[in-house]
Amino acid sequence: MKNLTSFLLVLALGLAFISNANASDRYLFIGLDSKTNNERIVVDLSSLDGSIVSCKIIDQNGVYVYTDNFKVQRAGLKWYNLENLKSGSYTFILNDENQTIEYKVKKERSKISIQESPNITFKPIVTSVTKNISDFHLLSLGKDVFIELYNDQGEELYSKEYIGENTISQRFNLSLSPQGEYTLKVRVGDMIYYEYFNV
């Protein structure tokens, strides 16, 4: 019963996340497989058909103990058997083109448990409106965000910090700027993303 409760809790957290994340209907979340006495992690890929997903498991010393990159050929579930891992704490990281999700997982003998709610980071989206105007969007979920815009000479043209915002939208009008490549550096928590566009 406890296993079922744990799985349902993770499922409820995932569904709550989905209902709050209006920016995307493509999501990743995990649960525990109660059929194997919680020795396997189940990844739900039901909305990611055609996506490229990476999975990493990192031990408490920062060593990668497992990596997997795959294209989702058919929506469904994927299982990761963790019975051969030593007892200890691990970080289970799922990543696709839209998001990175980190779960803290603990293994004690033959039992796996999810330690806390996942750390979810959506990747920024930059779209070109016209040749000189680009829009930046980010579902930040209350995380602190710092954005910087650089020209191709490495000079900072713009910077702004957002604290506690759930969503961020910013338009960059570079119609008066010289032609060239521009770099948008986006820091979300401890993750950094770079987006490039030409004018």
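Remember, it's a predicted structure, so these values are computed and weren't measured experimentally.

A. Quick peek at empty space enclosed by the protein. With the rule as written, the count across this model stands at one cavity of 30 Å³ or more. Size it by volume and the largest cavity reaches roughly 30 Å³. Lining the largest cavity, in full, are Ile41, Ile57, Leu82, Leu85, Tyr90, Phe92, Val105, Lys107 and Ile112. Listing elements by their share of the lining of the largest cavity, those giving two or more residues are β6 (88-95) and β7 (99-108). In terms of residue class, the lining of the largest cavity is made up of eight nonpolar, no polar and one charged.

B. A look at the pattern of salt bridges. Across all of its chains, the model carries three salt bridges by this definition. Across the pair aspartate 68 and lysine 78 runs a salt bridge, and its minimum N-O distance is 3.7 Å. In this pair, aspartate 68 sits in strand β4 (residues 64-71) while lysine 78 sits in strand β5 (residues 77-81), placing the two residues 10 residues apart along the sequence. On the basis of relative accessible area, aspartate 68 is assigned to the buried category, the value being 15%.

C. Region of interest: the sheet that holds strand β15 (residues 181-188). Read across the open sheet, the four strands follow the order β13-β12-β15-β16; overall the sheet is antiparallel. The open sheet has two free edges, formed respectively by β13 (156-162) and β16 (191-198), since each of these has just one partner strand. Each strand axis lies, on average, 15° off the axis of its neighbour in the sheet, ignoring direction. In terms of strand pairing, strand β12 (residues 145-150) meets β15 through six bridges, oriented antiparallel. Pairing of isoleucine 147 across the sheet is with valine 186, part of β15.

D. How the structure looks around the nonpolar core. Counting 22 residues, the largest nonpolar core has Ile41, Val43, Tyr80, Leu82 and Phe92 as the members making the most contacts within it. Of all the elements in the fold, those that place two or more residues in this core are β2 (40-44), β3 (52-59), β6, β7 and β9 (119-122). The next biggest cluster of nonpolar side chains, apart from the first, holds 16 residues, and it includes Leu138, Val145, Ile147 and Leu149.

E. Here's a closer look at the pairing of β7. Sheet topology note: the β6/β7 ladder contains eight bridges and is antiparallel. Within the sheet, the bridge partner assigned to tyrosine 90 lies in β7 and is valine 105. The antiparallel pairing of β6 with β7 creates a hairpin that spans three residues between the two strands. Of the strand pairs in this sheet, β7 and β9 are connected by four bridges, and their pairing is antiparallel. Considered in β9, the bridge of glutamate 102 is made with asparagine 119. Note: β7 against strand β8 (residues 111-114), four bridges, orientation antiparallel. Residue pairing across strands places glutamate 108 opposite lysine 111, the latter belonging to β8. Hairpin connection from β7 to β8: two residues lie between these consecutive antiparallel strands, with arginine 109 at a positive phi of about 55°.

F. Focus on the side chain of aspartate 68. Of note is the side chain of aspartate 68, whose polar atom sits 3.0 Å from the side chain of tyrosine 80. When sequence neighbours within four positions are dropped, the list of residues in contact with aspartate 68 reads Val53, Ser54, Cys55, Lys78 and Tyr80.

G. Quick peek at the environment of leucine 174. Here leucine 174 is to be found in the loop between β14 (167-173) and β15. The spacing of leucine 174 and asparagine 132 is 42 residues in sequence and 5.1 Å in space, taken between C-alpha atoms. Residues contacting leucine 174, with those up to four places away along its chain left out, are Asn132, Leu149, Tyr182, Phe197 and Val199.

Definitions and cut-offs
- Residues numbered from 1 in each chain as written.
- Predicted model: local features only at pLDDT ≥ 70, side-chain atom pairs only at ≥ 80, totals over all residues.
- Heavy atoms only, no water.
- 1 Å grid on protein atoms, 1.4 Å probe; cavity = no way out; pocket = protein on both sides within 12 Å on 5 of 7 lines; lining within 4 Å.
- Points joined across faces, edges and corners; volume = space filled by probe spheres on them.
- Helix = DSSP H or I, 4+ residues; strand = E, 2+ residues; numbered from the N terminus.
- Nonpolar A, V, L, I, M, F, W, Y, C, P; charged D, E, K, R; others polar.
- Salt bridge = Lys/Arg side-chain N within 4 Å of Asp/Glu carboxyl O.
- Buried < 20%, exposed > 50% of the residue type's maximum accessible area, 1.4 Å probe, protein only.
- Pairing = 2+ DSSP bridges.
- Axes fitted to C-alpha atoms, helices over the stretch in contact; angles between N-to-C directions.
- Core = buried A, V, L, I, M, F, W, Y, C linked by side-chain atoms within 4.5 Å.
- Polar contact = N/O pair within 3.5 Å; in protein donor to acceptor, adjacent residues only side chain to side chain.
- Contact = heavy atoms within 4.5 Å.

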